[in-house]
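Take a look at the letters that make up each chain.
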Amino acid sequence: MKYETQKIALVYFVVAMALFAVQVLGGLLAGWIYVSPNTLSELLPFNIVRMLHTNSLIVWLLLGFMGAAYFILPEESEQEIHSPTLAYVQLAILVLGTLGVVVTYVFNLFEGNIFLGKEGREFLEQPMWVKIGIVVAALIFLYNVTMTSLKGRKTTITNILLLGLWGLALLFLFAFYNPANLSLDKQYWWYVVHLWVEGVWELIMASILAFLMLKLTGVDREVVEKWLYIIVATALFSGILGTGHHYYWIGTPPYWQWIGSIFSSLEVIPFFGMMAFAFVMVWKGRRDHPNKAALLWALGCATLAFFGAGVWGFLHTLHGVNYYTHGTQITAAHGHLAFFGAYVSLNLAIFSYAMPILRGRDPYNQVLNMASFWLMAGGMTFMTFVLTFAGTVQTHLQRVQGDYFMDVQDQIAVFYWMRFGAGVIVVLGALLFIYAILVPRREIITSGPDSTVAAE
Amino acid sequence: MSTATKGLPGEVLMWVLIFSELAVFGAGLAIFMALRLLDPVGFAEAQLALLPGLAGINTILLITSGFFAAMAVQSPHLARPWLAAAALLGVLFLVIKAYEFQHKAALGISFETHDFFMFYYLLTGFHAAHVVAGIGILVIVGWTKHPAHIETGAQFWHMVDLVWVLLFPVVYLL
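Residues numbered from 1 in each chain as written. Chains lettered and ligands numbered in written order. Predicted model: local features only at pLDDT ≥ 70, side-chain atom pairs only at ≥ 80, totals over all residues. Heavy atoms only, no water.

**Re the overall build of chain B**
When helices and strands are counted, chain B shows seven helices and zero strands. The helix and strand sequence of chain B, counted from the amino end, reads α-α-α-α-α-α-α. With the C-alpha coordinates of chain B rotated into their principal frame, the extents come out at 50 × 35 × 20 Å. Counting every position in chain B, which comprises 174 residues, the buried fraction comes to 46%. When contacts within chain B are restricted to residue pairs at least 6 apart in sequence, those whose partners lie at least 24 apart make up 78%. Separation between the mean location of the 6 positive side-chain charges and that of the 9 negative ones in chain B comes to 14 Å. (Helix = DSSP H or I, 4+ residues; strand = E, 2+ residues; numbered from the N terminus. Buried < 20%, exposed > 50% of the residue type's maximum accessible area, 1.4 Å probe, protein only. Contact = heavy atoms within 4.5 Å. Lys, Arg positive; Asp, Glu negative; His and termini not counted. Charge placed at Lys NZ, Arg CZ, Asp CG, Glu CD.)

Here is the structure:
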């Protein structure tokens, strides 16, 4: 660790991992409700479990991104973080808000109160006071990282990272607009969610991957930057109008079917670019960095993002196909592998790289961490295939043959059992990852001679 | 990477943009032609509402404008007048285009009248938006007067040109 304030990242990462545990356990519970639907139906209904599962995912990914920014910025801009105190205040606000959301979801206190209660939305559901808290925290964060960057060296990596983080915070403002018209509500909802995951988050992803490639492979910065520009250009070109693929059936004009189909088909290109980038860098790289776990996660991230977001996304993005598959288990298959591949793996990659440095036990070969990669990646890939088969059968029975929804659900129950099994593996992998990052202090297996390696 | 891009004139990122644009317009035109195969009579009937003469004039305007932009790259000391002429023809193109859209609107033709018009509005509308952006770019590179910037601007302008040359026969003539 070169800069004292990089330590801020440690706390962010630990909180993120705690929420990661909550998220996968929530997912496991939701997966169990699929096979045994009456479980906790009074105490913790499925819609609440699902909301916890998806929202805790988003929050821990955001905490991870912010932690990553606090870790990367000092090193790139050769400058301590502007104000460590503000960084901790910001984290405290976010943690308080998260607890507030969970309490509001589960116990539904303050029903109907415009400031404290639920908003009655399927998505972007936070009480108003939490939304305001998120904006305050985001402003503190942007102030802190921007000041740091302005004072120090400006690199392409930090510029793209900051562009992504600014976009992330500004787009969240659409969450405050809550029109009574459901079509409008959904239209603006995608301004937040789509323009996040298929827009500005891709900038954050590309810049964090670029940082990792720079450190792990020792390739020239100039080469990394050229790739970064091209990935970012193709991501924004395809992703912004690709929003149209959410406007097929919500009451928006029909030209969105063609705009959405054409542009979102191109969204596979930046993900292919990121995969090609990661592998070419590793092949070209001269450095044999001892942190193999971080490299494994980085390559796994680029690969699984290409398949989960790129290929599985394309699978049902054309409106002629989506007419049949919309809202079936095909969507769930894509959602799981895309989020795991792109943003979960990205976070776990930067955790794997940064945590040994932050905890002063570098180099450290993290064998348990690598085992957890294969558990999680294997479990998630199996889950994706299972849900894809379930979705294909469901699409045919329900949308082509016209069978009733619940009759079809009974017929695809076997897939839900297999999905639950896959979920168990993923949860075991996640818990093993957290253990591997936080607990062991000594190397378990000694690696080969690496005395020539400059560990950065 | 560096060896591959060494022989490439102009800005690499502009080439990335140009290929992306060509992919989008190419996909749009391909879908348009595929839909026409399914409904040749309806498409032919719808096409009668277009004004191919004006579109022909617009083609000449854009190609001439592209020539002026190329001249701006060729003769740096006269770059500004050439760019201004190129931008002016772009504005004329937009005036004619606006008349054309207004003519369709007067006939009560909208996106939803027919698949033909859906793609007519999407393709020529997107293209017109690029002409607007292109004029802005020509003005900016004329302002900075840097030869590399002018080359990049001309790159973009030629792409706008090329897309129109592909659109014109497919939408108005075939």
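From this point, things continue past the structure.
**Section: helix α3 (residues 84-107) of chain A**
Residue and element names in this part refer to chain A. For α3, with 24 residues, the first-to-last C-alpha span of 35 Å sits near the 34 Å given by 1.5 Å per residue. Among all positions in α3, only Ala 87, Gln 90, Leu 91, Leu 94, Gly 97, Thr 98, Gly 100, Val 101, Thr 104 and Tyr 105 are buried. Looking one or two residues past α3, Asn 108 carries a phi angle of roughly 50 degrees, positive in sign. (Expected span 1.5 Å × (residues − 1).)

**Details of the environment of Val 35 of chain A**
Residue and element names in this part refer to chain A. Its location among the elements puts Val 35 in helix α1 (residues 8-35). Using a relative accessible area of 16% as the deciding quantity, one classes Val 35 as buried. Aside from chain neighbours lying at most four places away, what touches Val 35 is Tyr 416 and Trp 417.

**A look at the side chain of Thr 328 of chain A**
Its place among the elements puts Thr 328 of chain A in the loop between α11 (319-325) and α12 (329-358). The contacts of Thr 328 of chain A, once residues within four sequence positions are left out, are Gly 391, Gln 394, Thr 395 and Arg 399 of chain A.

**Describing the nonpolar core**
As a rule of thumb, nonpolar side chains are buried together in soluble globular proteins. Core analysis: the biggest nonpolar cluster contains 179 residues, and Trp 60, Trp 196, Trp 201, Met 205, Ile 208 and Phe 351 of chain A together with Val 171 of chain B have the highest contact counts within it. Considering each element in turn, this core owes the most residues, 20 residues, to helix α6 (residues 182-217) of chain A. Once residues lying within four places of it in the same chain are set aside, the contact partners of Trp 60 of chain A are Ala 16, Leu 19, Phe 20, Gln 23, Val 344, Asn 347, Leu 348 and Phe 351 of chain A. If you look at the next biggest cluster of nonpolar residues, it comprises nine residues, including Ile 33, Val 49, Met 51 and Val 101 of chain A. (Core = buried A, V, L, I, M, F, W, Y, C linked by side-chain atoms within 4.5 Å.)

**Regarding the pattern of salt bridges**
What the rule picks out here adds up to eight salt bridges over all chains. Note that Lys 215 of chain A is salt-bridged to Glu 75 of chain A, the shortest N-O span being 2.9 Å. With Lys 215 of chain A in helix α6 and Glu 75 of chain A in helix α2 (residues 46-77), this pair connects stretches of sequence that are 140 residues apart. Residue Lys 215 of chain A is classed as buried on the basis of its relative accessible area, which comes to 7%. A relative accessible area of 9% means that Glu 75 of chain A is categorised as buried. Between Glu 100 of chain B and Lys 97 of chain B there is a salt bridge, and its shortest N-O distance comes to 3.3 Å. (Salt bridge = Lys/Arg side-chain N within 4 Å of Asp/Glu carboxyl O.)

**Considering the packing of aromatic side chains**
All names here are of chain A. Tallied over the entire structure, the rule returns 60 aromatic pairs over all chains. Judged by centre distance (5.3 Å) and plane angle (50 degrees), the rings of Tyr 12 and Tyr 70 are tilted. One end of the pair, Tyr 12, is in helix α1; the other, Tyr 70, is in helix α2, and 58 residues separate them in sequence. Cation over ring: Arg 419 sits above Tyr 34, and NZ or CZ is 4.6 Å from the ring centre. (Phe/Tyr/Trp six-rings, centres within 6.5 Å; stacked < 30°, edge-to-face > 60°. Lys NZ or Arg CZ within 6 Å of the ring centre and 35° of its normal.)

**Some words on the packing of helix α4 (residues 52-74) of chain B against helix α5 (residues 79-106) of chain B**
Residues and elements named next belong to chain B. Here α4 crosses α5 at 165 degrees, and the two axes come no closer than 8 Å. What the angle tells us is that α4 and α5 run roughly antiparallel. Considering how the two elements wind past one another, α4 and α5 form a crossing that is left-handed. (Axes fitted to C-alpha atoms, helices over the stretch in contact; angles between N-to-C directions. Parallel < 35°, antiparallel > 145°, perpendicular 65-115°, else oblique. Left-handed = near helix turned anticlockwise from the far one by under 90°.)

**Examining the interface of chain A and chain B**
A common way to report how large an interface is uses the accessible area buried once the components associate. In this complex, chain A contributes 16 residues to the contact, which on the side of chain B involves 20 residues. Of all residues in chain A, the largest losses of buried area upon contact with chain B belong to Phe 237, Trp 258 and Ile 262 of chain A, amounting jointly to 36% of the total for that side. Connecting chain A to chain B are zero salt bridges. Our count for the contact surface shared by chain A and chain B stands at zero residue pairs in polar contact (both at pLDDT 80 or more). For the side of chain A that touches chain B, the secondary structure elements donating two or more residues are α7 (221-242) and α8 (255-265) of chain A. With eight residues, the single largest contributor to the side of chain A that touches chain B is α7 of chain A. For the side of chain A that touches chain B, the residue count by class is 13 nonpolar, one polar and two charged. (Buried area = accessible area lost by both parts, 1.4 Å probe. Polar contact = N/O pair within 3.5 Å; in protein donor to acceptor, adjacent residues only side chain to side chain. Nonpolar A, V, L, I, M, F, W, Y, C, P; charged D, E, K, R; others polar.)

**Overview of the environment of Asn 369 of chain A**
Residue and element names in this part refer to chain A. Position of Asn 369 relative to the elements: it lies in helix α13 (residues 367-400). For Asn 369, a relative accessible area of 1% corresponds to the buried category. The spacing of Asn 369 and Ala 430 is 61 residues in sequence and 9.5 Å in space, taken between C-alpha atoms. Not counting residues up to four positions away in its chain, the partners in contact with Asn 369 are Ala 293, Trp 297, Ser 352, Phe 433, Ala 436 and Ile 437.

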